[in-house]
Amino acid sequence: MDFGLQGKWALVCAGSKGLGRGCALALAREGVNVVITARGADALAATAAQARALGVQAIEVVGDITTPEGRAAALSAAPQVDILVNNAGGPPPGDFRDWDEADWQRALTANMLTPIALMKATVDAMAARGFGRVVNITSGAVKAPIEVLGLSNGARSGLTGFVAGLARDARLAARNVTVNNLLPGSFDTDRIRATHAAAAQRQGRPLAEVQAEKIAAIPARRLGLAEEFGAMCAFVCSQQAAYLTGQNLLIDGGAYPGAM
Ligand code: NAP
């Protein structure tokens, strides 16, 4: 299927590794030029080179997307933003009794306020051009909160509520600008490896045992692949997905037990 995205420009935040990288490369495969951001230059250069090898332009922006400077650099590097993939590192696990206001502010800035700032900077121009796709990478924890990820549960739920309203603004929806959230379950990335290692340490158990237990709880009996996540992102950004907006799409190998 041709997704009709040849020559579009995407800003993929936090896209040098993991799920962001999966999205950047899947979009590049569809002929989308990409601006990719990350704090570390080496992995970013490698991912950008892989995108270029797919025949598109790829611009690397080294910086922290959760800062005003990082966002300004990312936005000014993009000739235009037809597709915005919002992503950033997830907050650390822990006990809410140990978190102070600065911990909450960091989580809110990274996982709620930064995506909102980037949407504010881009969606009206998308609407004026008559095409726009925003994909926010959130978490399966929005539907089924994970106790130790309270900072993530809280910040991402705030973003989810905001997006539910924004996506239904006819100034966007009637101008072919869609806003959707992709909710990863457990994907094989650095982040999930760190989460499992932290759980093993907390529980004083071998890492392999904790990993096997987590995988046994997923009906697909495996972790998801960043390529699978990226393919879903590319579809949500496609011309064919123009009537899909304001949705929370869970990609979790069947882990969430509810009917809806
Ligand atoms: P990952 O493999 O650790 O990759 C994170 C990427 O984001 C890297 O490219 C990293 O590069 C970049 N990054 C992190 N903080 C950044 C910042 N402040 N500014 C710019 N770039 C930044 O993580 P992932 O598994 O892909 O996870 C992506 C998001 O999905 C996270 O928010 C995570 O919590 C969430 N999530 C993941 C899973 C999962 O199973 N993997 C499940 C639920 C939710 P640098 O470090 O070089 O900046």
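Just so we're clear, the structure is a prediction, and the values are computed from it rather than from any experiment. (Residues numbered from 1 in each chain as written. Predicted model: local features only at pLDDT ≥ 70, side-chain atom pairs only at ≥ 80, totals over all residues. Heavy atoms only, no water.)

Student: Explain the site of the ligand residue by residue, including any values.
Tutor: If you check the shell around the ligand, you find 28 residues, and the closest are S16, L19, A88, F187 and T189. S16 is positioned such that a nitrogen or oxygen atom in its side chain is 2.6 Å from an oxygen atom of the ligand. A distance of 2.8 Å is found between an oxygen atom of the ligand and a side-chain nitrogen or oxygen belonging to R156. Relative to its free-state accessible area of 880 Å², the ligand is covered by the protein chains to the extent of 90%. Those elements giving two or more residues to the shell around the ligand turn out to be helix 1 (18-29) and helix 7 (190-203). Looking at the shell around the ligand, its residues break down into nine nonpolar, 13 polar and six charged. Looking at which domains feed residues into the shell around the ligand, each of domain 1 (9-185 + 225-247) and domain 2 (188-223) gives three or more. (Near = heavy atom within 4 Å. Polar contact = N/O pair within 3.5 Å; in protein donor to acceptor, adjacent residues only side chain to side chain. Areas by Shrake-Rupley, 256 points an atom, 1.4 Å probe, with all protein chains shown as cover. Helix = DSSP H or I, 4+ residues; strand = E, 2+ residues; numbered from the N terminus. Nonpolar A, V, L, I, M, F, W, Y, C, P; charged D, E, K, R; others polar. Domains from an automatic or database assignment.)

Student: Residue-level account of the nonpolar core, with values.
Tutor: L5, L27, V34, I83, V85, L182 and F229 are the most contacted members of the largest nonpolar core, which totals 34 residues. Mapped by element, the contributors of at least two residues to this core are strand 1 (9-12), helix 1, strand 2 (33-38), helix 2 (41-53), strand 4 (83-86), strand 5 (132-137), helix 9 (226-236) and strand 7 (248-251). The leading source of residues in this core is helix 1, at seven residues. Once residues within four sequence positions are removed from consideration, F229 is found in contact with L19, C23, I137, L182, P184, F187 and I251. A88, I116, L166 and A167 belong to the second largest nonpolar core, which has 26 residues in total. (Core = buried A, V, L, I, M, F, W, Y, C linked by side-chain atoms within 4.5 Å. Buried < 20%, exposed > 50% of the residue type's maximum accessible area, 1.4 Å probe, protein only. Contact = heavy atoms within 4.5 Å.)

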